Every structure is written in C-alpha cells, then in structure tokens.
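Commentary on secondary and tertiary structure
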Amino acid sequence: MAKGLVVLICMVTIAVFVLTGCATVGKTQATKFVLRVNCGAYEPYTDTVGNVWLPDQYLEEGVEWGFSDGLTIDRGDLNITGTDSPKIYETERYSMSAYKFTLPNGKYMVRLYFAETFEGITGEGQRVFSVSINGETVLKDFDLYKEVGGWQEPIVKEFKKVAVTDKKLVIGFTSNIENPEINGIEIISE
C-alpha cells in the first residue's frame, strides 16, 4: 500500500510539472546559443542580471572567435548609468578592423554596445566610423557622440535575423574620422 501511494504521488508530481511547463515529456528543448564579449577586458564579468560576459580574445588558430587587431583600454570605474551591464563600458577595443566568430548556421540577434568614454572626444563629428555584419553595412557614418547626445552615455544597437550560412559571422569596422571603438558584443540565436 505505501509503495503504491509513493508511485501515485510521483505520477501526480510529474503531471503537475508537465502541465505547468516546468518539465516536458517526449520533447527536447533547443538550447539557445549565447555569446557575450566584454571588449577590451581581460577577465570575465557577470552583469547585474546574471549574464556572464567573456573577456576579449585574439583570433588565432584553434579559437572560435576573437578580434583581428586593435588596441584596448580600461578606463576604470566610470559610473555609467542606464544599463544592466555598466562595467562593460569601462573597457573598449579601438582601432580594430573586425571581430570574427565561428557559429552554427542559423539566424542570430547581434547587439553592439557603445559609449564614448575617451576624454579627447568632446563633441559631434570627432569620431565617425562604419560597422558591417557579414559584409552588409549596418551603421554608416556612425557618430557615437551625436547619437547619444554626449559623453559616457551607453547605447546598444540591435540587429535581428542576421543570417549565418557558412558558419562565419564577421563584424567589420571602418574608420572615417578617429578610430572605431566598441565596448561589448552580444550574439544570441533566434
């Protein structure tokens, strides 16, 4: 009798989990691909909502993603507000030509994180650059200072349904005035 009661309780518990969506029977849930890069950083970072941002890395043999060139700077605590991930704006990669990623084929949402934190940029038109994703220009003549209206203001540019058909995602940067810069990159499968 006690064994039968335990089996019944287990069956009811499983049924409750399945009906509430806490468990599935006969279905596998696809795992979403997520990659967050804290550009210019040397250590991983967990933001205020629990997302882990990986440190920057050079693209070399045996590595699936990284930058191809450029320089980094860590500006320390800037007290950036208006974001769940203020620390990523403290570091940046600048003067780079590209980030390259090897990914499973599919559609992705790509978010690019920017903030003008260089004291030498004091107004519009002093840093202008273009950004492409897989050869298609997504930000032409991007003037970060003008876009956000000032210094140390974060902005995220989001691009949905970015197609990867050859297992490659390339984010390219072209300098127009001054060097391109980026603080973070987020890639999430759709």
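This one's a predicted model, so the numbers in the text were calculated from it and none came from an experiment.

Looking at the sheet that holds strand S5 (residues 71-74)
One open sheet accounts for three strands, arranged S5-S6-S13; its pairing is antiparallel. Each end of this open sheet is capped by a strand with a single partner; those strands are S5 and strand S13 (181-182).

A look at the environment of Trp 65
With respect to the element layout, Trp 65 can be found in strand S4 (residues 65-67). The spatial distance from the C-alpha of Trp 65 to the C-alpha of Thr 102 is 6.1 Å, given a sequence separation of 37 residues. Residues in contact with Trp 65, not counting those within four places in the same chain, are Leu 35, Val 37, Leu 54, Pro 55, Asp 56, Gln 57, Tyr 58, Leu 59, Lys 100 and Phe 101.

What to know about the nonpolar core
With 29 residues, the main nonpolar core has Tyr 99, Phe 101, Phe 114, Ile 171 and Ile 185 as its most contacted residues. Every residue in contact with Phe 101, bar those within four places of it in the chain, is listed here: Leu 35, Val 37, Glu 64, Trp 65, Lys 167, Lys 168, Leu 169, Ile 171, Ile 185 and Ile 187. Among the nonpolar cores identified, the runner-up in size contains eight residues, and Ile 80, Ile 88, Tyr 89 and Ala 115 belong to it.

Quick look at the packing of aromatic side chains
All chains considered together, the criterion is met by ten aromatic pairs. Consider the rings of Phe 67 and Tyr 99, whose centres lie 6.3 Å apart with planes at 70°: the pair is edge-to-face. Taken as a pair, Phe 67 in strand S4 and Tyr 99 in strand S7 (residues 98-102) lie far apart in primary sequence, 32 residues in all. Ring centres 6.3 Å apart and planes at 15° place the aromatic pair Tyr 99 and Phe 101 in the stacked group. You can call Tyr 99 buried: its relative accessible area is 0%. For Phe 101, a relative accessible area of 2% gives the class buried. An aromatic cluster is defined as three or more aromatic residues linked by ring pairs; in this entry it consists of Tyr 58, Trp 65, Phe 67, Tyr 99 and Phe 101. When the ring centre of Phe 67 is taken as origin, the NZ or CZ atom of Arg 93, which lies over that ring, is 3.3 Å away.

Cut-offs applied
- For every chain, the first residue of the written sequence is number 1, and numbering continues from 1 along that sequence.
- The predicted nature of this model means local features are confined to residues of pLDDT at least 70 and side-chain atom pairs, given and counted, to a pLDDT of 80 or more, with totals for whole chains, interfaces and linings taken over all residues.
- Values reported for side chains reflect all heavy atoms of the structure, with hydrogen atoms and water molecules removed beforehand.
- Strand pairing requires that DSSP identify at least two bridges connecting the strands.
- Numbering of helices and strands runs from the N terminus, with a helix taken as a DSSP run of H or I at least four residues long and a strand as a DSSP run of E at least two residues long.
- Between two residues, a contact is recorded if the distance between any of their heavy atoms is within 4.5 Å.
- Only buried residues count toward a nonpolar core, which is a set of Ala, Val, Leu, Ile, Met, Phe, Trp, Tyr and Cys residues joined through side-chain atoms within 4.5 Å.
- Only protein chains enter the calculation, and the probe is 1.4 Å; a residue is then buried if its accessible area is under 20% of its type maximum, exposed if over 50%, and partly exposed in between.
- A pair of Phe, Tyr and Trp rings is counted when the ring centres sit within 6.5 Å of each other, with Trp represented by its six-membered ring. The angle between the planes then sorts it: under 30 degrees is stacked, over 60 is edge-to-face, the rest tilted.
- Our definition puts a charge over a ring when NZ of Lys or CZ of Arg is within 6 Å of the ring centre and also within 35 degrees of the ring normal.

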